[in-house]
Amino acid sequence: MSLLLSVCLVTTVLYLGRPFLMPLALAVLLAFLLAPLTARVESLGCGRGPAVGVVTIISFTVLASVLYVVGAQAVDLAKSLPGYHDNLQQKVFAPLGKLTSAFSAYTRSVHPAKPSDITSEAAQLDLPTSNVNLLSVAKELAGPLLSPIGTAGMVAVYVIFFLYDRQSLRDRFIHLVSHGRLHLATQALDDAADRVSRYLAAQLLINATYGIPVGVGLYFIGIPNAPLWGVLAIILRFLPYLGIWIVAAFPFVLSFAISPGWAQPVEVVALFIGVELFTANVMEPWLYGASTGLSASAIVVSAIFWTWLWGAGGLLLATPLTVCLVVMGKHLPALAFLHVLLGKEPPIDPANRFYQRLLADDRDELEETISDYHEKGATVELFDEVVLPALKLAEYDRVTGDLSKEEHRDLYESLREALSSLENFPPQDESTVHSVVIVPARRKADALAGAMLAYVLRSKGIDCTWLSERVLNSEIISRVADRTEVTLCVSAMTAVGARAAASLFKLIGDNTSGLKILGYWHGDPVESESNPPPSQVETVTSFEAAIRLISATASDTKRTSVSA
């Protein structure tokens, strides 16, 4: 309840403080962007004041030049628009006029107007007067311009002071939020500054590589005022998702107005699609490098929230502000929910997610996960890092009583069916004894882990015999007795299985002199040491280690047979 009240209070403050907070946030972001350049200029021997002055003058000169180009091109476009009237009249307004006339005729036929109604409507018309108040006209014209000019002035002043006093502001902020934990606060501030600076610089460069080809392409297509659309593409692409469509709409409409046919509109659409595909698939992965740490859904939600809160300026600031929130959630425990809800990192690791899907009996997602790992040639990683830890969680829940016997059985059945999507899984319970024999220590979990090991070994060209949990110890001993070339691997998922494996190794004793391996997939060395296998038994806790040991033994055996 207190969290909800806090969120409501913060949202109210942000909404009511919009005239002050939005320019402040924009100035902070610009200071993040210009701070590295200011530090570089300052390191050349300039003082802090001259360095800030040089950077701000250059930055605002570039910005003013861009605005001048946009204004000049917009004025030129406004002058040329009347020349497109005839084409628009023929292609758009004439069909719309016919449609409107037809609709009006249909309306009159259904609801004929009375003469008294026409007379009363005419009487209600207000005729314009000739009294014009020049002061009111001036206010109406200047009013919309004063607010952006004032905001721009506030931002400029903020940026200058933030750059000049950035170290003092950093120290004050750290002292304010650290509460004695300087390392945590410093790490959070550096992380936020690095992510935001990297995002803004990369986004600016990406927008430039997007807007310049758009402007050049529109020029060769024959669209008037191509530099205007190129600059707008650079600027408006800062708006997530909407910016590119806003930019593309104007040249498309203009091409529709000036061209007699449909060739130019199609070329404009093809140009924007081609440049966008190249930017999204080549430039963005290359220039962004490390991600901002936001999930796709977080970007959409943040864009909607900040637009609702601060309008178009909020849409422009949505991604950088949300990056700062995610960084705060990452480093401050009280705000950890922000990192979970908005961050790109998965909230649970693959093993826990796989186990959760097992509990939910989601066969489709289980098979999809298995297929993804298998197609990447990472089946061993799938078993070692996902499936075995999930089985370990299942065994733990079974021991603690969180998982009933029926649920435990159903879970293993779901896993077996999901793994059966792999070709030739599970391996057949063979009577032929190969150079490697894999047997379960006791339970179905041990047998399933052994089946996975057998599958991986066979995929690597190592012949092996897999025995199910139904095979008795006496049959196992008879199969491996007096066979020096046989490697015996006993699969155990739990400490109970490890004790059963130790008993099996003692029963076998010296009946076979081949390599003996205990696959203790639980992976807890404390428990394995409390139930140690015989000294001649090698203990492994992962499939990767087991495969490496078995492969080395097979190679040694092969070299020995060749030399003999």
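Residues numbered from 1 in each chain as written. Predicted model: local features only at pLDDT ≥ 70, side-chain atom pairs only at ≥ 80, totals over all residues. Heavy atoms only, no water.

Draft legend 1. Local environment of the sheet that holds strand β5 (residues 537–540). Ordered by their spatial adjacency, five strands build an open sheet running β2-β1-β3-β4-β5, and the pairing between neighbours is parallel. Looking at the sheet topology across the chains shown, the edges are occupied by β2 (464–466) and β5. With direction set aside, neighbouring strand axes in the sheet form an average angle of 20°. Note: strand β1 (residues 436–440) against β2, three bridges, orientation parallel. What sits directly across from I438, in β2, is W466. Lying on the sheet, helix α19 (residues 444–459) is in contact with β1, β2 and β3 (487–492); it crosses β2 at an angle near 160°. (Pairing = 2+ DSSP bridges. Helix = DSSP H or I, 4+ residues; strand = E, 2+ residues; numbered from the N terminus. Axes fitted to C-alpha atoms, helices over the stretch in contact; angles between N-to-C directions. Contact = heavy atoms within 4.5 Å.)

Draft legend 2. Local environment of a positive patch on the surface. A surface patch of positive charge is lined by K405, R409, K444 and R470. Along the polypeptide, K405 turns up in helix α18 (residues 405–419). (Patch = residues over 30% accessible without salt bridge, like charges linked within 9 Å, V, L, I, M, F, W, Y side chains within 5 Å. Areas by Shrake-Rupley, 256 points an atom, 1.4 Å probe, with all protein chains shown as cover. Salt bridge = Lys/Arg side-chain N within 4 Å of Asp/Glu carboxyl O. Lys, Arg positive; Asp, Glu negative; His and termini not counted. Charge placed at Lys NZ, Arg CZ, Asp CG, Glu CD.)

Draft legend 3. How the structure looks around a nonpolar patch on the surface. Residues Y241, L242, I246, F250, V300 and I304 make up a contiguous nonpolar surface patch of roughly 570 Å² in combined accessible area. Listing elements by their share of the nonpolar patch, those giving two or more residues are α10 (242–258) and α12 (296–310). The residue F250 is located in helix α10 in this model. A relative accessible area of 46% places F250 in the partly exposed class. (Buried < 20%, exposed > 50% of the residue type's maximum accessible area, 1.4 Å probe, protein only.)

Draft legend 4. Examining the confidence of the model for the protein more closely. Per-chain confidence: the protein averages 76 in pLDDT, with 78% of residues scoring 70 or above. Confidence over residues 525–530 falls short of pLDDT 50; this stretch has four contacts with residues more than four positions distant or in other chains. With pLDDT under 50 throughout, residues 560–564 is counted as low confidence; its partners more than four residues away or in other chains account for zero contacts. (pLDDT = per-residue confidence, 0-100.)

Draft legend 5. Geometry of the side chain of T56. Of note, T56 is situated in helix α3 (residues 48–80). Using a relative accessible area of 6% as the deciding quantity, one classes T56 as buried.

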